[in-house]
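For reference, the chains in residue letters:
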Amino acid sequence: MKRIIVHEEYCIGCRLCEIYCLTQHSQSRKIIKAFKEETPRPLARLVVEEAGPLSFAMPCRHCEDAPCVEACLTGAMQRDERTGAVLCNEKRCVGCWTCIMVCPFGAILRNVTGRKVASKCDLCYGEEVPVCVAHCPNEALTYEE
Amino acid sequence: MSLSLLTAEFHVERDEIRCIACQVCVRQCANDVHVYDPDDDRVYSDETRCVGCHRCATLCPTRALTIRCTPQEFRANANWSPSIITSVFKQAETGGVLLTGMGCDQPYPIYFDHILLNAAQVTNPSIDPLREPMELRTFIGRKPEQVGVVQDRDNMRLETRLAPQLVLETPILFSAMSYGSISYNACLSLARAAKECGILYNTGEGGLHPTLYEYGPYTIAQVASGRFGVHRAYLETAAALEIKIGQGAKPGIGGHLPGEKVSEDVSRTRMIPQGTDALSPAPHHDIYSIEDLRQLIYALKEATNYTKPVGVKVAAVHHIAPIASGIARAGADYIAIDGLRGGTGAAPTVIRNNVGIPIEMAIAAVDERLRQEGIRNQVSLIAAGSIRSSADVVKAIALGADAVYIGTAALVAMGCHLCQKCYTGKCNWGIATQDPYLTKRLNPNIGARRLVNLLRAWSLEIKEMLGGMGINAIESLRGNRDHLRGVGLNEVELRVLGIKAAGES
Amino acid sequence: MRYVIIGNSAAAVGAIEAIRQYDPENPITVVADEPWHVYSRPLISYLLGGMIDESQMAYRPRDFYARHRVETMLGVQVVRVNPAEQTLTLAGGGTVSYDRLLIATGGRPFVPSVPGVSLKGVFTFIRWEDVRGLEQAIERYGARTALVVGGGLIGLKTAEALIARSLRVTIVELADRILSTTFDRTASKLAETLLRRAGVEIRLGLTVSEIIGREGRVDHAVLQDGERVECDLVVLAIGVRPNVDLIPPDSGIQINRGILVDQHMQTTVPNVYAAGDCAEAYDMLLGVNRPIAIWPNAYRQGYIAGCNMAGVLREYAGGFPMNSVEVHGVPTISVGITDPPDRDSYEVLERYDRERPIYKRLVLRDNRLVGVICIGDVDRAGIYTGLIRDRVDVTPFKDHLLTGKFGLISLPREYRKHLVVGEGIEV
Ligand SMILES: Cc1cc2nc3c(=O)[nH]c(=O)nc-3n(C[C@H](O)[C@H](O)[C@H](O)COP(=O)(O)OP(=O)(O)OC[C@H]3O[C@@H](n4cnc5c(N)ncnc54)[C@H](O)[C@@H]3O)c2cc1C
Ligand code: SF4
Ligand code: SF4
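Participant: What's the story with the overall build of chain A in this structure? I'm lost.
Facilitator: When you go through chain A residue by residue, the secondary structure sums to 5 helices and 8 strands. Along its sequence from the N terminus, chain A presents helices and strands in the succession β-α-α-β-β-α-β-β-α-β-β-α-β. The C-alpha radius of gyration of chain A comes to 15 Å, within 12% of the 15 Å expected for a compact globule of 145 residues. Projected onto its principal axes, the C-alpha coordinates of chain A cover approximately 40 × 35 × 30 Å. The burial tally for chain A puts 64% of its 145 residues in the buried class. Of the contacts formed within chain A by residues at least 6 apart in sequence, a portion of 55% connects residues at least 24 apart. Put simply, chain A shows about 5800 Å² of open surface, and 51% of that area lies on carbon and sulfur atoms.

Right under this line is the structure:
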């Protein structure tokens, strides 16, 4: 399965990954609309960490023995059989944050803009390459087997 | 502190309809031009600090930014141009020598742009490089007067002992850019690209970082007046050694790497204390004559057992022809000549803009002189100083060079936007900086890939041009000025260049 | 070869998914006394509170059994396990024989011997049918007030659900603070404040001494100190015991507090495995076997048991308690040893911002994280859990653990690389 690989030494902290992720997971999927017109503002599905010159983006690793899938109380967090991606079915999620408690990467975010649901990377379901990877200007994120 | 009279050089145009206040520009500008105001969720720009590097405009996800030259205009004056006026302002405010980076940007004639190439028609056939072999391989080093061959049974064997040679798969090398003036990632990109393309890069006077030793066979190691980072392993690792006498951007003066750029790693590589200014003296304190130069050349040859070519790099100055002749006679295997427009990491603006001669003139003069003296074979010539395209390469070689050095073109390939602020250490493109926030902006995987692409593209174009002229080896182009014609040049210029005017046959 | 699983919940699903990963063929039979398609037990409080409807209870899709080729016997109780014959005796007399058995019977609520517990309107709260009972009490009998006996997590969830149904709720807790096994004192007090803000009455250091009925239904309760608490219903939430009644003493299956298992989740009898709330598996923080009744462990243990049952040797690395609950809308997480017995061998780091409120408490032993409480800000708390699980020496970044910007970036580069790309060294 292809995974997003994080190369922290080349992350320049521009946060374009976050910006395009947010856009991809917005209603309109149009960057200007997503930022300026949609309320509540859509959420990005990854975290960019920064400390001094070091920075990196942390999308879900889609772990092999995914702790979040095992721990999920409702069965909302499941591995997609076709793509191998770990996906959160937001319709079934009740926002108990058990997955947040167990994800060792801190890759799951709380979406409390509407009904509380866990929000995470879905590898841009349906796209050839996740948008964070496609728009990272410095190849700090790559998509590899 | 009194009011500065300097106004912004650039104008930042922000399309507010497009700007989503994502702050990519804020995070990317090392000069702090853009500022986010959380109160009204907007980004504002203070263009007085803008250097016109386009980093923000290039990364802006909505293309909301346009950087223009300032619309602020001085009263027109053909004599007192805005740049002259602002230089006076700056000096009146600082009392200091004005510094700059990159090569001379003044509107002196660019002779490459006044030279046209020939092509074969009817009387001799052109060659299609896609169908027929086309040789770009170039050897740098002293060539023998004649070659003796012995035939034993079926085998031909070279009898003459050849001087050490550098092999280039295409007649281009990356010119000297030191670790310190440029970032580690830039050095690594150059080294990797040189290896992949079968050419060489040049350490400059900054020594060689331990992790770059593996690229030794693709490395020219410089020995400059500061002798930074020169030690036994350094000499032994490189494929060739180069004594740096001068540089086209600042002939006659030394180098100055400000202490801020002397990071821990740079200090170790240069073998100087961290944070101290790295000063290269103007002259080598042991070279005051051709004889002294000869001693250093032979000292280096001796130190490396006569296994490596030793070259000398000089700036193109008025007496370049006799100087080159002296260098050839002093035993150099190649001479690198750096013209007026050669790049730099830092130079006094006044020197950069006013000292030296264009490379086109220098190469033509030197090639001519060495031929007249019958010693052209003893030394290879490398032309440097703003080779911008494959056409420049072909013209330089036809004017008499064996190969060319590219510096600025390589940096531009890696992302340099020629903002000329290298000396500030705040290169937004991660090239001419040691700032850890900035150096990672150049991913060496990308840098090397772009350089390799550039060399590949130029090599293909060179083959096209050669084929068009009916030539199938770069060897046959060298000094072949009959393939060149001048346009818009006066007789003296044509004479010095050794070419005919367009229309003459 | 025939796999039989008693139970139809987290542990059972873990086992089914593991078995089918390695053995697509041999038959699997699930026997469970609850009649439902596999559902998510922790959701019963959400269902009661009206946050979800019954269609959202399913833990796996409708076609789960079919796709995993599982034969189900739902609504069928097992009354005895007979390891000597490798059979199960069912209520009503039938038998089922097995080659490999997984006991995943979960827990049974503890019911105290208090006068009045058998009145109508007294409930425990661990099964779907309890929700139906409570709903009936509220809707049919118009219950408006409730007494929740026990201030643990289930008591708390029950109280929140009942509040959501507009009942007036009193919690009575024997300890001097609620959530005393999951939280430390500060966290407990904070939770109490939040609950009170939600309108819950809390009585501490007490329990119920008698439930008084009228016409067979609960009318009010009397606490140990004599206080009379008006309540139309009582929920007993004072703990869950491993459900091991079906194991006869002479079966050879050894039971302490739960069914004893080794690292392969096998009981003391070959071919018989146990997992989930009924089992007593390894607690990696305390270094002993004990039941830890939480959903993630049940799934994991079931999964490990399933692998071993299918002949793929895998070891259970051990678990530790962890819970994530919201208290009156404020998220809280507690993991591991949060209230250490002695301060000599443990170090405690705390940050408490009363204004927001945000409370974070980290418990360390030998410079390794063993416990975490996060209240108010639970974002990325899993990084702490990961450090606990991987027993990472936090000395190099101890100072950063409680800073606002703590994240993977605070970890030593090599460890981070190991985590993120599987390169670098383990520390
Ligand atoms: C209200 C509530 C809230 C909870 N919230 C959380 C939470 O937020 N987080 C968390 O981690 N955990 C929570 N838990 C605990 C969690 O539900 C349990 O740890 C988990 O259900 C254990 O799963 P299990 O598979 O071991 O057994 P159980 O879920 O207890 O299932 C036992 C199964 O065995 C069957 N069974 C039992 N006896 C027999 C028999 N004799 N014959 C046939 N079948 C039998 C039952 O029908 C059932 O299918 C909560 C529990 C409750 C009650
Ligand atoms: S887009 Fe790439 S470089 Fe920019 S923050 Fe994301 S990972 Fe880093
Ligand atoms: S959310 Fe976390 S635990 Fe789940 S697969 Fe992604 S990285 Fe792994």
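Participant: How should helix α7 (residues 290-303) of chain B be read in this particular structure?
Facilitator: Residues and elements named next belong to chain B. Taking 1.5 Å per residue, 14 residues should reach 20 Å; α7 reaches 20 Å between its end C-alpha atoms and fits that length. Residues L293, L296, I297, L300 and K301 constitute the buried set of α7. Across the axial projection of α7, the buried residues extend over an arc of 135°, all falling on one side. With respect to the buried face of α7, the exposed residues turned more than 90 degrees away are E291, Q295 and E302. The inward-facing, buried residues of α7 abut β13 (219-223), α5 (232-237), β14 (240-244), β17 (310-315) and α8 (320-329).

Participant: Even after reading the chapter, I still don't get α8 of chain B, so can you show me in this structure?
Facilitator: Count 3.6 residues to each turn of an α-helix, and residues three or four apart come out pointing the same way. All names here are of chain B. For α8, the tally of buried residues reaches 7 of 10 residues, placing the bulk of the element in the interior. Among the residues making up α8, those that are buried are I320, A321, A324, S325, G326, I327 and A328. Contact partners of the buried residues in α8: α7, β17, β18 (334-338) and α10 (359-372). One or two residues past the end of α8 sits G331, with phi positive at roughly 105°.

Participant: Just checking my understanding: could you explain the interface of chain A and chain C for this structure?
Facilitator: Many authors give the size of an interface as the accessible area that is lost as the parts come together. With 38 residues of chain A at the interface, the matching set in chain C holds 43 residues. Both faces combined, the contact of chain A with chain C buries some 3400 Å², and carbon together with sulfur accounts for 53% of it. On the chain A side of the contact with chain C, E70, L73 and M101 of chain A bury the most area, a combined 21% of that side's loss. Counting the contacts that link chain A with chain C gives 9 salt bridges. The partner of E81 of chain A in a salt bridge is R67 of chain C, and the shortest N-O contact between them spans 2.7 Å. Here chain A and chain C share 22 residue pairs in polar contact (both at pLDDT 80 or more) between them. For the side of chain A that touches chain C, the elements supplying multiple residues, two or more each, are β1 (3-6), β2 (47-51), β3 (54-58), α3 (67-71) and α4 (98-102) of chain A.

Participant: Please explain unusual backbone geometry as it appears in this structure.
Facilitator: Residues apart from glycine generally show negative phi values, whereas peptide bonds are mostly found in trans. Here T39 of chain A and P40 of chain A are connected by a cis peptide whose omega angle stands at -5°. Structurally, P40 of chain A is set in the loop between α2 (31-36) and β2. P357 of chain C follows R356 of chain C through a cis peptide bond whose omega is -15°. By the secondary structure assignment, P357 of chain C is in the loop between β24 (347-353) and β25 (358-365). We note that C124 of chain A has phi near 55°; this positive angle belongs to a residue other than glycine. One can find C124 of chain A in the loop between β7 (117-119) and α5 (131-135).

Participant: What exactly am I supposed to notice about the site of ligand 2 here?
Facilitator: Ligand 2 sits among C11, I12, G13, C14, R15, L16, C17, A57, C136, P137, A140 and L141 of chain A. Looking at the shell around ligand 2, its residues break down into 10 nonpolar, 1 polar and 1 charged.

Participant: Would you mind going over the packing of helix α4 (residues 184-197) of chain B against helix α14 (residues 444-469) of chain B with me for this structure?
Facilitator: The description of two helices packed together rests on the angle between their axes and the distance between the axes. All names here are of chain B. Two numbers describe how α4 lies on α14: the axes approach to 8 Å, and their chain directions differ by 45°. With respect to α14, the axis of α4 lies oblique. Between α4 and α14 the crossing geometry is right-handed. Where α4 abuts α14, its residues N185, L188, S189, L190, R192, A193, E196 and C197 lie against P444, N445, G447, A448, L451, V452 and L455. In terms of residue class, the contact of α4 with α14 is built from 9 nonpolar, 4 polar and 2 charged.

Participant: Sorry if this is basic, but what is going on with the packing of helix α11 (residues 390-398) of chain B against α14 of chain B here?
Facilitator: Residue and element names in this part refer to chain B. Running from N to C, α11 and α14 cross one another at 50°; their axes reach a closest spacing of 9 Å. Taken together, α11 and α14 sit at an angle that is classed as oblique. Crossing handedness for the pair α11 and α14: right-handed. In this structure, α11 contributes S390, A391, V393 and V394 to the contact, and α14 contributes W458, E461, I462, M465 and M469.

Participant: Sorry, what's going on with the domain arrangement of chain A here?
Facilitator: Residues and elements named next belong to chain A. Assigned domains within chain A: domain 1 (1-59 + 124-145) and domain 2 (64-120). Using only C-alpha atoms to locate each centre, domain 1 and domain 2 end up separated by 19 Å. Facing the 11 residues of domain 1 at the interface are 17 residues of domain 2. Both faces considered, domain 1 and domain 2 share a buried interface measuring about 1100 Å² in area, 58% of it formed by carbon and sulfur atoms. A per-residue breakdown of the area domain 1 buries against domain 2 is headed by L43, R45 and Y125, which together make up 49% of the total. Scanning the region where domain 1 abuts domain 2 turns up 2 salt bridges. One salt bridge in this structure joins E90 and R45, with 3.7 Å as the shortest N-O distance. Where domain 1 meets domain 2, there are 4 residue pairs in polar contact (both at pLDDT 80 or more).

Procedures and definitions
- Residues numbered from 1 in each chain as written.
- Chains lettered and ligands numbered in written order.
- Predicted model: local features only at pLDDT ≥ 70, side-chain atom pairs only at ≥ 80, totals over all residues.
- Heavy atoms only, no water.
- Helix = DSSP H or I, 4+ residues; strand = E, 2+ residues; numbered from the N terminus.
- Rg over C-alpha atoms; globule rule 2.2 N^0.38 Å.
- Buried < 20%, exposed > 50% of the residue type's maximum accessible area, 1.4 Å probe, protein only.
- Contact = heavy atoms within 4.5 Å.
- Areas by Shrake-Rupley, 256 points an atom, 1.4 Å probe, with all protein chains shown as cover.
- Expected span 1.5 Å × (residues − 1).
- Arc of directions from axis to C-beta.
- Buried area = accessible area lost by both parts, 1.4 Å probe.
- Salt bridge = Lys/Arg side-chain N within 4 Å of Asp/Glu carboxyl O.
- Polar contact = N/O pair within 3.5 Å; in protein donor to acceptor, adjacent residues only side chain to side chain.
- Near = heavy atom within 4 Å.
- Nonpolar A, V, L, I, M, F, W, Y, C, P; charged D, E, K, R; others polar.
- Axes fitted to C-alpha atoms, helices over the stretch in contact; angles between N-to-C directions.
- Parallel < 35°, antiparallel > 145°, perpendicular 65-115°, else oblique.
- Left-handed = near helix turned anticlockwise from the far one by under 90°.
- Domains from an automatic or database assignment.

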